[in-house]
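Each chain is listed here by its residues.
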Amino acid sequence: MPYIAPAERYQQLISEKRVWLSDITQPTHFVECVIMWDDSTNQLHDVCFENCRFQECDFSNFELLDVVFKKCDLSNVLFHDAILYRTEFYQGKLLGTEFLQTTMKHVGFFDSVINYGQFSESKFKECQFKKCELKETLFRYVTLNDILFDYCELHDSDFTETSFKGIDLSTCEFDTIQIDANALKGLTIRFDQAASLLPPLGVTIKY
């Protein structure tokens, strides 16, 4: 199935306001707002956040549907055990953001900085990473099903116990990357990338 983008069908525009997360009840485009968290909701749908700040927000155990984050700083925000469907992150700052044990389908990360992020034990299906920085990011014990990595920086990322069957990293850049030898079957890389990938696995390359 091809990648499906979020449906953008907003009924109102709100800018430069302070908004409680639980008060978001209809399709809305928020611009330069402060989003404040409370524990009276765990669902979010049909919303676009643009240049917004998130005050102590925790999206753990949330369900996100047709949600777009544009130019938002989500650094160190938690998405533990969340379900994301048709959700996108554009030009975002997600330093150290944690998507632990998260289920994602049709989720896109575009032109975003996700260095030191954590995706361990998450499940990805028909998702995309395009032009993202993913340095020292953890993808341990992750399920990757029909995933696109396109022109991403993956220096020192950790894919321990993650299968690369059907994954193409040929457009990406990395000096070192942690991958288990038994998980390499089905991985596509460029010829010059072998020099970075194979020595940690005990393979000697002669020139």
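The rules we used
- Residues numbered from 1 in each chain as written.
- Predicted model: local features only at pLDDT ≥ 70, side-chain atom pairs only at ≥ 80, totals over all residues.
- Heavy atoms only, no water.
- Phe/Tyr/Trp six-rings, centres within 6.5 Å; stacked < 30°, edge-to-face > 60°.
- Helix = DSSP H or I, 4+ residues; strand = E, 2+ residues; numbered from the N terminus.
- Buried < 20%, exposed > 50% of the residue type's maximum accessible area, 1.4 Å probe, protein only.
- Pairing = 2+ DSSP bridges.

Quick notes on the packing of aromatic side chains
Part 1: Scanning the model with the defined rule gives 30 aromatic pairs in all.
Part 2: For the ring pair Phe109 and Phe129, a centre distance of 4.7 Å and an interplane angle of 5° mean the geometry is stacked. Separated by 20 residues along the polypeptide, Phe109 in strand β9 (residues 103-110) and Phe129 in strand β11 (residues 128-130) bring together distant segments of the chain. A single burial state applies to Phe109 and to Phe129, both of which are buried.
Part 3: Relative to Phe149, the ring of Phe139 lies with its centre 6.0 Å away and its plane at 80°, an arrangement referred to as edge-to-face.

Some words on the pairing of strand β3 (residues 28-31)
Part 1: Residues of β3 alternate between two faces, with Thr28 and Phe30 on one and His29 and Val31 on the opposite face, all of them buried.
Part 2: Pairing of strand β1 (residues 12-15) with β3, which is carried by 4 bridges, proceeds in the parallel orientation. Its bridge partner being in β3, Leu13 is matched across the sheet by His29.
Part 3: As judged from the 4 bridges shared by β3 and strand β5 (residues 43-50), these two strands associate in the parallel manner. In the strand pairing of β5, Thr28 is matched with Val47.

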